[in-house]
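Remarks on the overall topology
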Amino acid sequence: MEFVRNPRLEAEIYDRLGKEYLTERKEFPHVTQVVYCLTRSWRDLIMPKPLTDKEKVLFAVGWGLERVMLPQTKIESVKVGTLWMTPDFISLQDGPADLKTTRAYPGADGLPKKGPPETWIEHFKAYSVKFGKPRPDGSVEFSVVIVYLNPAELVAGTFIFTQEELKKNWDYLEERAAVLIASIESFKPPTPFKYNKVWECEHCRYLADCLAWKERS
């Protein structure tokens with residue numbers, strides 16, 4: 001048996017994935033845009049760079065799973081305050097829910113061993129404001145599905161948040177939305193390395209631009 005790689009076919013598939021990404025358009029400002037690095041969100045909107053091949057593959061995994069889990073009808077985005085949000089899918093039993101994929105490994109409780117990323121929790125809390133289920137004690141629950149790629153395992157569960165947690169998170173996201181809106185209007189990106197989590201920089205395609213800004217400042 002012999003195997004010969006086909007760069008032409010690889011390039012075709014990467015090109016298709018890149019075009020698929022370009023069709024993914026969200027209302028502005030969307031929760032997803034303010035949960036993650038604001039400098040990156042600004043650049044994606046104003047001065048985008050092409051996705052890396054690795055990013056295309058990772059995005060493709062998420063899209064594929066969403067299409068399996070999504071209903072045939074389109075899920076409409078909803079605006080709450082300044083922010084738009086769109087549930088990933090609607091469960092017949094649990095209503096609107098979110099889907100996350102990760103290369104991390106699951107712990108005994110079903111969550112990633114090192115804990116879920118802060119951005120996940122901020123996202124879930126934001127969606128709980130509109131789509132969460134109220135509990136008798138005033139707290140709110142929100143269902144999520146986590147797909148682990150390395151052990152090929154799926155975990156479903158429910159987060160429970162207090163009203164205080166939801167309000168604190170919402171105020172935080174509204175502040176970030178205001179920063180992003182102002183940056184879009186002024187055509188000046190949010191200050192690099194100020195509105196991000198440290199780990200977001202590692203594989204970011206805009207890192208060189210931010211480092212160049214840091215050297216000039």
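Right, let's walk through the structure included here. (Residues numbered from 1 in each chain as written. Predicted model: local features only at pLDDT ≥ 70, side-chain atom pairs only at ≥ 80, totals over all residues. Heavy atoms only, no water.)

To continue, consider the overall build of the protein. The number of helices and strands found in the protein is 7 helices and 7 strands. Secondary structure of the protein in N-to-C order comes out as α-α-α-α-β-β-β-β-α-β-β-β-α-α. Taking 17 Å as the expected radius of gyration for a compact globule of 217 residues, we find that the protein reaches 19 Å, a close match to that expectation. Per-residue burial for the protein yields a buried fraction of 37% across its 217 residues. Counted over contacts in the protein with a minimum sequence separation of 6, partners at least 24 positions apart contribute 67%. Computing the positive centroid from 31 side-chain charges and the negative centroid from 31, the protein places the two 4 Å apart. (Helix = DSSP H or I, 4+ residues; strand = E, 2+ residues; numbered from the N terminus. Rg over C-alpha atoms; globule rule 2.2 N^0.38 Å. Buried < 20%, exposed > 50% of the residue type's maximum accessible area, 1.4 Å probe, protein only. Contact = heavy atoms within 4.5 Å. Lys, Arg positive; Asp, Glu negative; His and termini not counted. Charge placed at Lys NZ, Arg CZ, Asp CG, Glu CD.)

In this structure, strand E6 (residues 140–148) lies alongside strand E7 (residues 153–161), joined through 9 bridges in antiparallel fashion. Looking at the pairing, Phe-142 lines up with Phe-159 of E7. Linking two consecutive strands that pair antiparallel, namely E6 and E7, is a turn of 4 residues; a positive phi of about 50° is found at Ala-152 within it. (Pairing = 2+ DSSP bridges.)

A separate point is empty space enclosed by the protein. Going through the model one piece at a time under the given rule, you end up with 2 cavities of 30 Å³ or more. There is about 100 Å³ of room inside the largest cavity. Lining the largest cavity we find Cys-37, Arg-40, Phe-193, Asn-196, Glu-200, Cys-201, Cys-204, Tyr-206, Leu-207 and Cys-210. Around the second largest cavity sit Asp-94, Pro-96, Phe-131, Gly-132, Lys-133, Glu-141, Phe-142, Ser-143 and Thr-158, which together line it. In terms of residue count, E6 provides more of the lining of the second largest cavity than any other element does, 3 residues in total. When grouped by side-chain class, the residues that make up the lining of the second largest cavity number 3 nonpolar, 3 polar and 3 charged. (1 Å grid on protein atoms, 1.4 Å probe; cavity = no way out; pocket = protein on both sides within 12 Å on 5 of 7 lines; lining within 4 Å. Points joined across faces, edges and corners; volume = space filled by probe spheres on them. Nonpolar A, V, L, I, M, F, W, Y, C, P; charged D, E, K, R; others polar.)

Within the structure shown, the criterion is met by 8 aromatic pairs. With a centroid separation of 5.2 Å and 35° between ring planes, the pair formed by Phe-124 and Phe-159 is classed as tilted. Residue Phe-124 is found in helix H5 (residues 118–131), and its partner Phe-159 is found in strand E7; the two are separated by 35 residues along the sequence. You can call Phe-124 buried: its relative accessible area is 0%. By relative accessible area, which is 14% here, Phe-159 ends up buried. What links up through ring pairs into an aromatic cluster is the set Trp-120, Phe-124, Tyr-127, Phe-131, Phe-142, Phe-159 and Phe-161. One residue, Lys-214, lies across the ring of Phe-193, its end atom 5.6 Å from the ring centre. (Phe/Tyr/Trp six-rings, centres within 6.5 Å; stacked < 30°, edge-to-face > 60°. Lys NZ or Arg CZ within 6 Å of the ring centre and 35° of its normal.)

We now examine the state of the cysteines. Evaluated as defined, the whole model comprises 0 disulfides. With no disulfide of its own, Cys-201 has Cys-37 as its nearest cysteine by sulfur position, at a separation of 6.4 Å. A residue is classified by how much of its surface remains accessible, and Cys-201, at 18% relative accessible area, is buried. (Disulfide = S-S within 2.5 Å.)

Quick look at the nonpolar core now. By size, the foremost hydrophobic cluster in this structure holds 28 residues, and its most contacted members are Val-31, Val-34, Leu-83, Met-85, Phe-124 and Tyr-127. Elements supplying a minimum of two residues to this core: helix H2 (31–35), helix H3 (38–46), strand E2 (83–85), H5, E6, E7 and helix H6 (163–186). The greatest single-element share of this core, amounting to 6 residues, is contributed by H5. Setting aside residues no more than four positions away along its own chain, Leu-83 makes contact with Pro-29, His-30, Val-31, Val-34, Val-78, Trp-170, Leu-173, Glu-174 and Ala-177. Counting 5 residues, the second-largest nonpolar core is a separate cluster that includes Phe-89, Ala-97, Leu-99 and Val-145. (Core = buried A, V, L, I, M, F, W, Y, C linked by side-chain atoms within 4.5 Å.)

Moving on, we come to the environment of Trp-213. For Trp-213, the location among the structural elements is in helix H7 (residues 207–216). Relative accessible area serves as the criterion here: at 31%, Trp-213 is assigned to the partly exposed category.

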